[in-house]
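Summary of structural features
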Amino acid sequence: MRWWQSAKKTVSTEGTLLRGNPNFSRLWTSQALSQTAQNLLNFALIIRVFELAQGTRFANFSVALLILSFGVPSIIFAAVAGIYVDRWNRRQVMVVTNFARAILVLGYLFFEHNLIIVLVLSFAVSTLTQFFAPAEAATIPLVVPRDKLLQANSLFVFTLNTSFVIGYAVSTPVIVLFGSNGPYFLTSLMFLVATLLVVPLPGNKPPSKSLGGLGMLAANIKHEMSANFQLIRSNHNLYFPIFQLTMTQATVGVVLALAPALSIAVLSAPIKATALILIIPAGLGMVLGVALIGRVTKRFSKLQIVSYGLLFGSFFLLLLGMTGFLHRSIHGSQIASLVQISAVVASVVLLLGIMNAMVSTAAQTMLQEHTTDKTRGKVFGALNMMVNIAATLPILFAGILADLTSVTKVIMAIGVSLTGIAIGQIITLRRRGLL
């Protein structure tokens, strides 16, 4: 299998970073555990919430609320978290947030049947993540030489997407083997081990200047946020990859919210029974995209990869929405059998995964290359906030529209909209001589 050979080659290439750099190895292993835990937990909660609401008119809306409970904290806290991360010891931030998540996850053991409390717990876990994510991203350049940043980011995105495959793939077996509480015990343990791994990492030296009292704190935060967004707006090497990451990750959030309904509408089965068709191909595509990014950057610039990656990804999303038409009949015969539809869906989702991984890796590398150690936490904090601002209303409206119309029509509409944005963006960049 060529994709697997490419993936192995990528891991082998970046593997020198792991063998020769113990600190990077600890950071990477911690990331692998925490990301796998988060994906396992997310899928278990999506299944649970959809099952609780299934049969009502608000099943998709309920899942959308769950997804938003992960995203809204970014709108509120991400930019502020970035400011604090640049002023705190990042190692301590990662230790505290990982440990706190390990404790909070156990709360689902007692309240998984109560949607309101599930949403509150998810909100709390995501709030901690807003501090952990920029601290982790900003730590990579501290433990990796500048000329190895692309390889380091490739490995991190490779692991991020592999953790998606593993987390979502094992979630159902964990529930079957250990009951509905199994995912909560397992993810808590994984967060705890991730905590221990980052303890030995070197910490950065925070600036000695304090943010001051409450009034001065608010003023300083407002000033630094304003300066941060001005920095981003003034540099296309920052605002362009942030915009691309915002579009792609917001789309991922919408598709994830609609995944249970899409599984039933297109594949005629619950998502637990269709993970091999709908979820795993997406993760494998992400793995393949990361495996290929090193070769692709030898022929194309990161700006080109990010620009055209969004265009192709939008087109594949449109195709995914159109798979609903395959159930229609012509002269009394269905256009395609369920097996054929499954093959088409798996292929399209695989391609979507490839595009997502390539855009994410190239865009994140652009951000790290064009930020300093003093601004990196702020920029990544702003990125997390912007991703979730852009995703909030689309996820909410997508859930409502899917309940009122159909999930395939909603996905087609998103694909058409993103295709238009991508084409307009490419035309603009060409006029400016950037492509």
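Only a predicted model underlies this, so the values are computations on that prediction, with no experimental measurement involved.

This part takes up the overall build of the protein. Helices and strands together make up the secondary structure of the protein, namely 16 helices and two strands. Buried positions account for 54% of the 435 residues belonging to the protein. Here the analysis covers contacts within the protein between residues at least 6 apart in sequence; of these, 85% occur between residues at least 24 apart. Accessible area of the protein: about 18800 Å², with a carbon and sulfur share of 68%.

Further remarks concern a nonpolar patch on the surface. A cluster of nonpolar residues, F99, I103, L186, L189, L192 and V193, forms a patch on the protein surface that exposes about 480 Å² of accessible area. Looking at the nonpolar patch, the elements that each hand over two or more residues are helix 4 (90–105) and helix 8 (182–198). When residues of the nonpolar patch are assigned to their parent elements, the largest contribution, four residues, is made by helix 8. On the accessibility criterion, I103 (48% relative accessible area) is partly exposed.

In this section: the packing of helix 12 (residues 280–296) against helix 14 (residues 338–369). For the pair helix 12 and helix 14, interaxial distance at closest approach is 6 Å and the crossing angle is 45°. By the criterion of interaxial angle, the relationship of helix 12 to helix 14 is oblique. Of the two elements, helix 12 crosses helix 14, and the hand of that crossing is right-handed. Facing P281, A282, L284, G285, M286, L288, G289, V290, L292, I293 and V296 of helix 12, the residues of helix 14 in contact are A346, V349, L350, G353, I354, N356, A357, M358 and T361. Among the residues making up the contact of helix 12 with helix 14, the classes are represented as 15 nonpolar, five polar and no charged.

This part takes up the environment of N39. Mapped onto the elements, N39 comes out in helix 2 (residues 22–53). On the basis of relative accessible area, N39 is assigned to the buried category, the value being 10%. A sequence separation of 132 residues divides N39 from S171, and the C-alpha atoms of the two residues are 8.5 Å apart. The contacts of N39, once residues within four sequence positions are left out, are L160, S163, F164, G167 and Y168.

Helical geometry note: an α-helix holds 3.6 residues per turn, so side chains three or four residues apart project in the same direction. Compared with the 42 Å implied by 1.5 Å per residue over 29 residues, the 41 Å span of helix 6 (residues 115–143) between its first and last C-alpha is a close match. The largest bend along helix 6 reaches roughly 25° and is located at T129. At the N-terminal end of helix 6, a side-chain oxygen is found 3.1 Å from the backbone nitrogen of I116, two or three residues along, and the residue is N114.

For helix 4, with 16 residues, the first-to-last C-alpha span of 22 Å sits near the 22 Å given by 1.5 Å per residue. For helix 4, the complete set of buried residues consists of R90, V93, M94, T97, N98, R101, A102 and V105. The buried residues of helix 4 occupy an angular sector of 155° when the element is viewed end-on, so they sit on one face. Sitting at the head of helix 4, N89 places a side-chain oxygen 3.0 Å from the backbone nitrogen of R91.

Attention now moves to the packing of helix 13 (residues 302–322) against helix 14. Closest axis-to-axis distance for the helix 13/helix 14 pair is 8 Å, and the angle between their directions is 155°. With respect to helix 14, the axis of helix 13 lies roughly antiparallel. For helix 13 against helix 14, the interelement crossing comes out left-handed. Residue classes in the contact of helix 13 with helix 14 are distributed as 20 nonpolar, three polar and two charged.

A few words on the nonpolar core. L45, L66, Y108, L258, L320 and V345 are the most contacted members of the largest nonpolar core, which totals 110 residues. Not counting residues within four places of it along the chain, the set of residues in contact with L45 comprises L66, F70, Y108, V118, S122 and Y184.

As a further point, take the packing of aromatic side chains. All told, the structure shown has four aromatic pairs when counted by the stated rule. With 5.4 Å between their ring centres and 25° between their planes, Y108 and Y184 make a pair best called stacked. Of this pair, Y108 sits in helix 5 (residues 108–111) while Y184 sits in helix 8, and the two are 76 residues apart along the sequence. Taken together, a centroid distance of 6.0 Å and an interplanar angle of 55° make the contact between F315 and F316 tilted. What makes F315 partly exposed here is its relative accessible area of 41%. One residue, R101, lies across the ring of F132, its end atom 4.6 Å from the ring centre.

Once that is clear, we can look at unusual backbone geometry. A positive phi angle is found at S268, which is not glycine, with a value near 60°. With respect to the element layout, S268 can be found in the loop between helix 10 (236–267) and helix 11 (275–278).

On to the environment of V345. The residue V345 is located in helix 14 in this model. Along the backbone, V345 and M322 are 23 residues apart, and their C-alpha atoms lie at a distance of 9.9 Å. Apart from the residues within four sequence positions on either side, V345 is in contact with V266, L267, I277, L278, L320 and T323.

The pLDDT averaged across the protein works out to 81; a share of 86% of its residues lies at or above 70. Confidence, expressed as mean pLDDT per element, reaches its minimum in the protein at helix 1 (residues 2–20) with 54 and its maximum at helix 8 with 94.

Parameters at a glance
Each chain carries its own residue numbering, running from 1 in the written order of its sequence. In keeping with the model being predicted, local features are shown solely for residues with a pLDDT of at least 70 and side-chain atom pairs are shown and tallied solely at 80 or more, while totals for entire chains, interfaces and linings include all residues. The basis for every side-chain value is the complete set of heavy atoms in the structure, and neither hydrogens nor water enter the calculation. Only DSSP runs of H or I reaching four residues or more are called helices, and only runs of E reaching two or more are called strands; each is numbered from the N terminus. Summary of the burial criterion: residues with accessible area below 20% of their type's maximum are buried, those above 50% are exposed, and those between are partly exposed, where the area comes from a 1.4 Å probe applied to protein chains only. Contacts: residue pairs with any heavy atoms within 4.5 Å of one another. Under the convention used here, a 1.4 Å probe and the Shrake-Rupley method define accessible areas, while residue burial counts only the protein chains that appear. Surface patches are defined over residues having more than 30% relative accessible area and no salt bridge, joining like charges when they lie within 9 Å and nonpolar side chains (Val, Leu, Ile, Met, Phe, Trp, Tyr) when within 5 Å. When a carboxyl oxygen of Asp or Glu is within 4 Å of a side-chain nitrogen of Lys or Arg, the pair counts as a salt bridge. To define axes, lines are fitted to C-alpha atoms, for helices over the stretch in contact only, and angles between the resulting N-to-C directions are given on a 0 to 180 degree scale. Roughly parallel covers angles under 35 degrees, roughly antiparallel covers those over 145, roughly perpendicular covers 65 to 115, and oblique covers all other angles. The handedness criterion is simple: a crossing whose near helix is rotated anticlockwise from the far helix by less than a right angle is left-handed, and one whose near helix is rotated clockwise is right-handed. Charged residues are taken to be Asp, Glu, Lys and Arg, nonpolar residues to be Ala, Val, Leu, Ile, Met, Phe, Trp, Tyr, Cys and Pro, and polar residues to be all remaining types, Gly included. Working rule for helices: expected span equals 1.5 Å times residues minus one. One axis is fitted to the seven residues ending at the residue and one to the seven starting there. The bend at that residue is the angle between these axes. Polar contacts, as counted here, are pairs of nitrogen or oxygen atoms within 3.5 Å of one another; within protein the pair requires one atom able to donate a hydrogen and one able to accept it, and residues that are adjacent in sequence qualify only if both atoms are side-chain atoms. Throughout, the arc means the angular range of directions from the helix axis out to the C-beta atoms. Put simply, buried Ala, Val, Leu, Ile, Met, Phe, Trp, Tyr and Cys residues joined by side-chain atoms within 4.5 Å make one nonpolar core. Pairs were defined over the aromatic rings of Phe, Tyr and Trp, the Trp ring being its six-membered one, requiring ring centres within 6.5 Å. Orientation was assigned from the angle between planes: stacked under 30 degrees, edge-to-face over 60, tilted for the rest. In our convention, an over-ring charge means Lys NZ or Arg CZ found within 6 Å of a ring centre and within 35 degrees of that ring's normal. Confidence scores per residue from the predictor, reported as pLDDT, run from 0 to 100.

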